[in-house]
Amino acid sequence: MTCLLVQPGAAGLDLTLPPELDWSHLQDLLQQYFQLSEAWWLPQAPVRVVCGARILDGEHWQWLSGLLQKQKLIITTVQTEARATAVAAAMAGYSVEQGIMPPPTASATLPALYLDQAVRAGVEIRHPGTVVLVGDVNPGGCLVADGDILVWGRLRGVAHAGAQGDSRRLIMALEMAATQLRIGELVARTPPSTAFYPEVACVQGDAIVLYPARDFGRTTPGGVF
Amino acid sequence: MGRIIVITSGKGGVGKTTTTANLGMALTRMGRTVALMDADFGLRNLDLLLGLENRVVYTALEVLAGDCRLEQALVRDKRQPGLALLPAAQNRNKDAITPEQMQQLAELLTEKFDYVLIDCPAGIESGFKNAIAPAQEALLVTTPEIAAVRDADRVVGLLEAHGIRKIALIVNRIRPQMVQANNMMSVADVQEILAIPLAGLVPDDERVIISTNRGEPLVLESNLSLPGIAFSNIARRLEGEKVPLLDLDAPYNTLIGRLRRFFNR
Ligand SMILES: Nc1ncnc2c1ncn2[C@@H]1O[C@H](COP(=O)(O)OP(=O)(O)OP(=O)(O)O)[C@@H](O)[C@H]1O
Ligand SMILES: [Mg+2]
């Protein structure tokens, strides 16, 4: 997944930069993530930037710290496999952890990510908890959550709930017209939308099924409604 | 200080340069002074559309290098004294200029002109980033096609991420017959996805291509054609006038056409 990952880390937040993207694309993604997201972290939280093998020079660090500062976030630590990055990070005054990229740690107690603007084409938002969106997911937009996904709007892009493999997760939308739905390891395409009522997607057996929201609680014991 | 507006699209060939040329002319006809910035380095053609190609001596790059003054690089239009073009370099790549330099040039221009219109290159790479860097507002051009709208949607997201919140939509190359036959996205379909205000609608019309080839923007004609009216209406809306949207359906909105649509539903 070419997704940016912002998640709680050992000290404050871990910001994992996806290795596949070039710098310019990564800049877009970072700007969009912070512009769309309501802060779910504490103000002045220390940030560890996980860079993997990516080479980041002084100019890159200046840009990144400027962007994070606007979110009231402070870079304190840099994790990198690249010597050049380690040197530039040390020059910028960050403490450096050298070594291979740590695997992302899932956290069940993470606050939900609250988004209050349309997720437009080309935007991929990933959150290691539940995502709540007030607005549409447009075709070409993508939401990935380790928890549930709640869309108070039209879901026309891609949504993946339980992205770490949890098939008990739900996707809910006021209008379900997704290009693709994924829950845990399963994938489904929604039929062309004729329904203009809220629906809930969940896993039953080995398939993703859709229920009108009003029936969901009745048909699934222990359902949320 | 003038307004700095970028004309952008994402997908190529949807009518950005045509729109920039015509809006520039239309605004000057309304008594405004307008500077057009060609941000399409390497593939410039705004000078062509304006019929000013043979008058380009210096480009933005010479201004930045200090080889000439801004005033010397500006190509003034003899037909419209309020209009000036700052040409892009033809033979350089898109990285010949930085976003900061674009900002610098645009700011100089706003001191002297009411409007600075920036003709953005296609794509979302460095040329795009250069073009949007100085802009306070954006006009987003799209055609009613799924691929163009998808790219336009992506561009809206990027504009917003860069802090450009005033974005208006121009739907170009509309073919009412095709929309009525359900073979083309309607303006409502486009708007439903992009969810930004409309600046105007422009029909698909061969007179646009003819004027492009002649280097004579449509809005200069004494007897305005439908696309000419469409572009000057957009200019009037930019000026804050309330102009009703063109009824592009009118020629097809006959009784038979309505009946046919009714039965096709
Ligand atoms: N409304 C229209 N009706 C018919 N033809 C049109 C219309 N608008 C634009 N065109 C034609 O489409 C072609 C592309 O237009 P233009 O050069 O303005 O697009 P552009 O978005 O600037 O392209 P690029 O992305 O390559 O810069 C031109 O040949 C032009 O004449
Ligand atoms: Mg062009």
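As the structure is a prediction and not an experimental result, all values here were calculated from the model.

**A few points about the layout of surface pockets**
Right, on to step 1. Its volume calculated, the largest pocket comes out at about 790 Å³.
Right, on to step 2. Lining the largest pocket are 23 residues, with Gln27(A), Trp63(A), Pro99(B), Glu100(B) and Lys129(B) positioned closest to its centre.
Right, on to step 3. Residue assignment for the lining of the largest pocket shows that the elements contributing at least two residues are helix 1 (23–36) and helix 2 (58–70) of chain A together with helix 5 (99–110) and helix 6 (126–132) of chain B.
Right, on to step 4. Counting residues per element, the lining of the largest pocket draws most heavily on helix 1 of chain A, which supplies five residues.
Right, on to step 5. Residue composition of the lining of the largest pocket, by class: eight nonpolar, nine polar and six charged.

**Looking at the packing of helix 1 of chain A against helix 2 of chain A**
Residue and element names in this part refer to chain A.
Right, on to step 1. Remark: helix 1 packs on helix 2, axes separated minimally by 11 Å, with the N-to-C direction vectors making an angle of 10°. Between helix 1 and helix 2, the angle falls in the class roughly parallel. For the pair helix 1 and helix 2, the contacting residues are Trp23, Gln27, Leu30, Gln31 and Phe34 in the first and His60, Trp63, Leu64, Leu67 and Leu68 in the second.

**Description of the interface of chain B and chain A**
Right, on to step 1. At the interface, 16 residues of chain B touch 15 residues of chain A.
Right, on to step 2. For the chain B and chain A pair, buried surface summed over both sides reaches about 1400 Å², with 37% attributable to carbon and sulfur atoms.
Right, on to step 3. Linking chain B to chain A there are five salt bridges.
Right, on to step 4. The residue Arg120(A) makes a salt bridge to Glu160(B) at a minimum N-O spacing of 3.8 Å.
Right, on to step 5. The interface formed by chain B and chain A contains 12 residue pairs in polar contact (both at pLDDT 80 or more).
Right, on to step 6. If you list the elements that add at least two residues to the side of chain B that touches chain A, you get helix 7 (146–161) and helix 9 (187–194) of chain B.
Right, on to step 7. Among the elements that make up the side of chain B that touches chain A, the one with the highest residue count is helix 7 of chain B (eight residues).
Right, on to step 8. Of the residues assigned to the side of chain B that touches chain A, the class counts are seven nonpolar, two polar and seven charged.

**Things to note about helix 1 of chain A**
Right, on to step 1. A rise of 1.5 Å per residue sets the reference length of helix 1 of chain A, with its 14 residues, at 20 Å; its end C-alpha atoms lie 20 Å apart and thus fit the reference within 8%.
Right, on to step 2. Those residues of helix 1 of chain A not exposed but buried are Trp23(A), Leu26(A), Gln27(A), Asp28(A), Leu29(A), Leu30(A), Gln31(A), Gln32(A), Tyr33(A), Phe34(A) and Leu36(A).

**Topic: the site of ligand 1**
Residues and elements named next belong to chain B.
Right, on to step 1. Looking at ligand 1, there are 18 residues lining it, with Gly13, Lys16, Thr17, Thr18 and Asn172 nearest.
Right, on to step 2. Arg173 places a side-chain nitrogen or oxygen 3.2 Å from a nitrogen atom of ligand 1.
Right, on to step 3. In this structure, Pro203 approaches ligand 1 through a main-chain N or O atom, which is 2.9 Å from a nitrogen atom.
Right, on to step 4. About the coverage of ligand 1: the protein hides 82% of its 640 Å² of free accessible area.
Right, on to step 5. Elements that contribute at least two residues to the shell around ligand 1 include exactly helix 1 (16–29), strand 7 (166–174), strand 8 (198–203) and helix 10 (206–214).
Right, on to step 6. Taken together, the residues of the shell around ligand 1 sort by class into six nonpolar, seven polar and five charged.

**Re the side chain of His127(A)**
Right, on to step 1. As for its position among the elements, His127(A) is in strand 7 (residues 124–127).
Right, on to step 2. His127(A) gets classed as buried once you look at its relative accessible area, which sits at 0%.

**Some remarks on the packing of aromatic side chains**
Residue and element names in this part refer to chain A.
Right, on to step 1. Inspection of the entire model under this criterion finds five aromatic pairs over all chains.
Right, on to step 2. Where Phe34 meets Trp41, the ring centres are 5.8 Å apart and the plane angle is 80°; that geometry is what we call edge-to-face. Trp41 matches Phe34 in its accessibility class, with the two residues each being buried.
Right, on to step 3. Considering the side-chain rings of Trp61 and Tyr94, the 5.6 Å spacing of their centres and the 65° angle between planes classify their relative orientation as edge-to-face. Remark: Tyr94 occurs in the loop between helix 3 (83–91) and strand 5 (95–98) and Trp61 occurs in helix 2; sequence separation between them is 33 residues.
Right, on to step 4. Classification of Trp61 as buried rests on a relative accessible area of 1%.
Right, on to step 5. Aromatic ring contacts, followed pair by pair, group Tyr33, Phe34, Trp40 and Trp41 into a single cluster.

**Details of the side chain of Glu160(B)**
Right, on to step 1. Relative to the elements of secondary structure, Glu160(B) occurs in helix 7.
Right, on to step 2. Contacts of Glu160(B), omitting those with residues within four sequence positions, involve Gln35(A), Gln117(A), Arg120(A), Arg165(B) and Ile167(B).

**Some words on the domain arrangement of chain A**
One frequently used descriptor of interface size is the decrease in accessible area upon assembly of the parts.
All names here are of chain A.
Right, on to step 1. The assigned domain composition of chain A is domain 1 (5–98) and domain 2 (106–219).
Right, on to step 2. If you average the C-alpha positions of domain 1 and of domain 2, the two centres end up 28 Å apart.
Right, on to step 3. On the side of domain 2, 16 residues touch domain 1, which itself brings 12 residues to the contact.
Right, on to step 4. With both chains or domains summed, domain 1 and domain 2 bury close to 1200 Å², and 66% of this area falls on carbon and sulfur atoms.
Right, on to step 5. When the area that domain 1 buries against domain 2 is broken down by residue, the three leading residues are Leu36, Glu38 and Trp40, summing to 47%.
Right, on to step 6. Viewed at the interface, domain 2 and domain 1 are joined by zero salt bridges.
Right, on to step 7. For the side of domain 1 that touches domain 2, the secondary-structure elements that each account for two or more residues are strand 1 (5–8) and helix 1.
Right, on to step 8. In terms of residue count, the dominant contributor to the side of domain 1 that touches domain 2 is helix 1 (five residues).
Right, on to step 9. A class-by-class count of the residues in the side of domain 1 that touches domain 2 yields seven nonpolar, four polar and one charged.

Basis of the calculations
Residues numbered from 1 in each chain as written. Chains lettered and ligands numbered in written order. Predicted model: local features only at pLDDT ≥ 70, side-chain atom pairs only at ≥ 80, totals over all residues. Heavy atoms only, no water. 1 Å grid on protein atoms, 1.4 Å probe; cavity = no way out; pocket = protein on both sides within 12 Å on 5 of 7 lines; lining within 4 Å. Points joined across faces, edges and corners; volume = space filled by probe spheres on them. Helix = DSSP H or I, 4+ residues; strand = E, 2+ residues; numbered from the N terminus. Nonpolar A, V, L, I, M, F, W, Y, C, P; charged D, E, K, R; others polar. Axes fitted to C-alpha atoms, helices over the stretch in contact; angles between N-to-C directions. Parallel < 35°, antiparallel > 145°, perpendicular 65-115°, else oblique. Contact = heavy atoms within 4.5 Å. Buried area = accessible area lost by both parts, 1.4 Å probe. Salt bridge = Lys/Arg side-chain N within 4 Å of Asp/Glu carboxyl O. Polar contact = N/O pair within 3.5 Å; in protein donor to acceptor, adjacent residues only side chain to side chain. Expected span 1.5 Å × (residues − 1). Buried < 20%, exposed > 50% of the residue type's maximum accessible area, 1.4 Å probe, protein only. Near = heavy atom within 4 Å. Areas by Shrake-Rupley, 256 points an atom, 1.4 Å probe, with all protein chains shown as cover. Phe/Tyr/Trp six-rings, centres within 6.5 Å; stacked < 30°, edge-to-face > 60°. Domains from an automatic or database assignment.

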